[in-house]
Amino acid sequence: MKFLKLILIPFIPVYAAIIGIRNFLFDKMFFEAKSVNAKVMSVGNITLGGSGKTPTVIFVTNLLKNEHKNVGVLSRGYGRNSTGYQLVSKGGGILTTVEQCGDEMYHTALECKVPAAVCENRVDGAVRLIKETGINYLVLDDAFQHRWIKRDVNLLVFEQRFLLSSDFFVHTLFPSGTLREPFSTVKRADAVIINRKFSELENIPIKRKKYFKDVPIFTALYKAISFIDLNSKQEYNLEEFKGQKSLVVSGIANPFSFLNILRQTNVDTTNKMIFKDHKKYSLKEVERIRKKFYISNSHSVVTTEKDAVKLSKYSKELDDIDIFYLKIILVMDDEIKFKNFLLNKLA
């Protein structure tokens, strides 16, 4: 893998030039962002996955919902098999399949129970969602780079582990590295959220502090709530899984934190199947999971909530296996301070 990254280094200046020119044209208003009839909040990142955008979107959306705001969510719908505008929910039940809207938006709509839609063109999607559902607050998922729509609040999410990494390629621009944009673009953010996931809070490394000096910084973490049976939806305490030998199944961008919290819960993670992010499970993978489960003599299958959404369609094929997903929420280290910041920006 590192050999491939080395080969791609000569293409970094080309990518950097394209990004730089595009941002220059937006900054100088040659490209004009369009307004929509709602207060708009964007949640995004400058890295390729794994920062925790979706849990942050869910947190922000529920925060506004609890403040009695008429809020909705709009996403591109990464990994879906459809194109164009798709209304996912009007605030109640789900109106599409996970394949039609993508796993992240399906999960978000289930969790928040607010109007939600997917559309590659965020302006068109926002206009339609506002018109069809009457929302006047809109949360954009993964829209830091999508500058065609004006926003009132621009939130930028970083994983703490990413900031602490000393790996050259981690902090290098695509296609060799994981950066979608250079660190200098942090200045576009109204606030930065550093997601420490299940780790202790650490300081930003000195060599990267300069990029964050003029922007408010909030910190967040993941909190494991319980294990939930995929079929019955029965909830179990974390303690009930201590010492359990499980087959861990994961198809997320960065499974490190998921495996970490399972180990902290004393779940045996020796047997695991790690798939790529946004994995589209087929009957072939389901059969592989079944085979691995029985060969490893596991007590159960433990997976992420995002994977559970996609595996649920195979409940018949997996009805002889106990499958549980770990319920995780994002919480702010200083929720009151963040809430006041957000509501003041939207006032």
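Preceding this section is the structure that the text describes.
Below or above, wherever it landed, is the structure these notes cover.

## Remarks on the overall build of the chain
Part 1: When its secondary structure is counted, the chain shows 12 helices and 13 strands.
Part 2: Here the C-alpha radius of gyration of the chain, 20 Å, is about what a compact globule of 347 residues would show, namely 20 Å.
Part 3: Principal-axis analysis of the C-alpha atoms gives the chain an extent of 60 × 50 × 40 Å.
Part 4: Looking at the chain as a whole, 54% of its 347 residues qualify as buried.
Part 5: For the chain, contacts bridging at least 24 residues in sequence account for 76% of all contacts bridging at least 6.
Part 6: As displayed, the chain offers around 16,600 Å² of accessible surface, 53% of which is attributable to carbon and sulfur atoms.
Part 7: Computed over 52 positive and 37 negative side-chain charges, the separation of the two mean positions in the chain equals 6 Å.

## Considerations on the packing of helix 3 (residues 53-66) against helix 12 (residues 335-346)
Part 1: Between helix 3 and helix 12, the shortest axis-to-axis distance is 11 Å and the interhelical angle comes to 70 degrees. Between helix 3 and helix 12, the crossing angle belongs to the class labelled roughly perpendicular. Contact residues: Phe 59, Val 60, Leu 63 and Leu 64 in helix 3; Glu 335, Phe 338, Lys 339, Leu 342, Leu 343 and Leu 346 in helix 12.
Part 2: Split into classes, the residues belonging to the contact of helix 3 with helix 12 amount to eight nonpolar, no polar and two charged.

## What to know about the side chain of Gln 145
Part 1: Its location among the elements puts Gln 145 in the loop between strand 5 (137-141) and strand 6 (153-159).
Part 2: Among the polar contacts made by the side chain of Gln 145, one reaches the main-chain carbonyl oxygen of Asn 45 at a distance of 2.9 Å.
Part 3: Not counting residues within four places of it along the chain, the set of residues in contact with Gln 145 comprises Arg 22, Asn 45, Ile 46, Arg 180, Glu 181 and Arg 188.

## Here's the deal with the pairing of strand 10 (residues 245-250)
Part 1: The buried fraction of strand 10 is high, at five of six residues.
Part 2: The parallel pair strand 10 and strand 11 (residues 268-274), bridged by helix 9 (residues 256-264), forms a crossover whose chirality is right-handed.
Part 3: With four bridges joining them, strand 10 and strand 12 (residues 300-304) adopt parallel strand pairing. Note on strand 12: the bridge partner recorded for Val 249 is Thr 303.

## A look at the pairing of strand 7 (residues 191-195)
Part 1: By the criterion of burial, strand 7 is predominantly enclosed, with five of the five residues buried.
Part 2: Here strand 7 shows a buried face lined by Ala 191, Ile 193 and Asn 195 and a second buried face lined by Val 192 and Ile 194.
Part 3: Of the pairings in the sheet, the one linking strand 6 to strand 7 comprises five bridges and is parallel in character. When the bridges of strand 7 are listed, Glu 159 appears paired with Asn 195.
Part 4: Relative to strand 8 (residues 217-229), strand 7 runs parallel, the two being bridged by four bridges. By the bridge assignment for strand 8, Ile 194 is matched with Thr 219.

## Points about the environment of Asp 333
Part 1: Within the secondary structure layout, Asp 333 lies in the loop between strand 13 (323-332) and helix 12.
Part 2: Sequence separation of Asp 333 and Leu 95 is 238 residues, and the distance between their C-alpha atoms is 35 Å.
Part 3: Contacts of Asp 333, omitting those with residues within four sequence positions, involve Arg 196, Thr 219, Ala 220 and Leu 221.
Part 4: For Asp 333, the side chain forms a polar contact with the side chain of Arg 196, separated by 2.8 Å.
Part 5: At 2.6 Å, the side chain of Asp 333 and the side chain of Thr 219 are in polar contact.

## With respect to the packing of helix 3 against helix 5 (residues 103-112)
Part 1: Where helix 3 contacts helix 5, the two axes come as close as 10 Å, and the packing angle between them is 30 degrees. Judged on the interaxial angle alone, helix 5 and helix 3 are roughly parallel. When the axes of helix 3 and helix 5 are compared, the crossing they make is right-handed. Contact with helix 3, carried on its side by Thr 54, Val 57, Ile 58, Thr 61, Asn 62 and Lys 65, involves Glu 104, His 107, Thr 108, Glu 111 and Cys 112 of helix 5 and no other residues of that element.
Part 2: Residues belonging to the contact of helix 3 with helix 5 are distributed by class as follows: three nonpolar, five polar and three charged.

## So, the pattern of salt bridges
Part 1: Inspection of the entire model under this criterion finds 17 salt bridges.
Part 2: Among the ionic pairs, Arg 147 bridges to Asp 27, the shortest N-O distance being 2.8 Å. You can see Arg 147 sitting in the loop between strand 5 and strand 6 and its partner Asp 27 sitting in helix 2 (residues 12-27), a full 120 residues away along the chain.
Part 3: Classification of Arg 147 by relative accessible area gives buried; the value is 14%.
Part 4: A salt bridge links Lys 306 to Glu 104; the nearest nitrogen and oxygen atoms lie 3.6 Å apart. Remark: Glu 104 occurs in helix 5 and Lys 306 occurs in helix 11 (residues 305-311); sequence separation between them is 202 residues.
Part 5: Within this structure, Glu 104, Asp 277 and Lys 306 form a network of salt bridges that share partners.

Calculation rules
- Starting from 1, residues in each chain are numbered consecutively following that chain's sequence as written.
- Local features in this predicted model are restricted to residues of pLDDT 70 or higher, and side-chain atom pairs are both shown and tallied only at a pLDDT of 80 or more, whereas totals for entire chains, interfaces and linings draw on every residue.
- Values reported for side chains reflect all heavy atoms of the structure, with hydrogen atoms and water molecules removed beforehand.
- Secondary structure follows DSSP: runs of H or I at least 4 residues long count as helices, runs of E at least 2 residues long count as strands, and numbering of each begins at the N terminus.
- We take the radius of gyration over the C-alpha atoms and set the globule estimate at 2.2 Å times the residue count to the 0.38 power.
- Here the term buried applies to any residue with accessible area under 20% of the maximum for its type, exposed to any over 50%, and partly exposed to those in between, with areas from a 1.4 Å probe on protein chains only.
- Every residue pair with non-hydrogen atoms within 4.5 Å of one another is taken to be in contact.
- Only the protein chains shown count as cover for residues, and the accessible areas themselves come from Shrake-Rupley with a 1.4 Å probe.
- In this tally Asp and Glu are treated as negative and Lys and Arg as positive; neither His nor the chain ends contributes.
- The atoms used to mark charge sites are NZ of Lys, CZ of Arg, CG of Asp and CD of Glu.
- Axes here refer to lines fitted to C-alpha atoms; in helices the fit is confined to the stretch in contact. Angles between the N-to-C directions go from 0 to 180 degrees.
- The cut-offs work like this: below 35 degrees is roughly parallel, past 145 is roughly antiparallel, 65 to 115 is roughly perpendicular, and the gaps in between are oblique.
- Charged residues are taken to be Asp, Glu, Lys and Arg, nonpolar residues to be Ala, Val, Leu, Ile, Met, Phe, Trp, Tyr, Cys and Pro, and polar residues to be all remaining types, Gly included.
- Two N or O atoms form a polar contact when they lie within 3.5 Å of each other; inside protein one atom must be a possible hydrogen donor and the other a possible acceptor, and for residues adjacent in sequence the pair counts only when both atoms belong to side chains.
- If the strands point away from the viewer and the path from the first strand over the helix to the second runs clockwise, then the crossover is right-handed.
- A pair of strands counts as paired when DSSP detects no fewer than two bridges linking them.
- For any pair of crossing helices, the crossing counts as left-handed if the nearer helix is rotated counterclockwise from the farther one by less than a right angle, and right-handed if it is rotated clockwise.
- The salt bridge definition used is simple: a Lys or Arg side-chain nitrogen within 4 Å of an Asp or Glu carboxyl oxygen.

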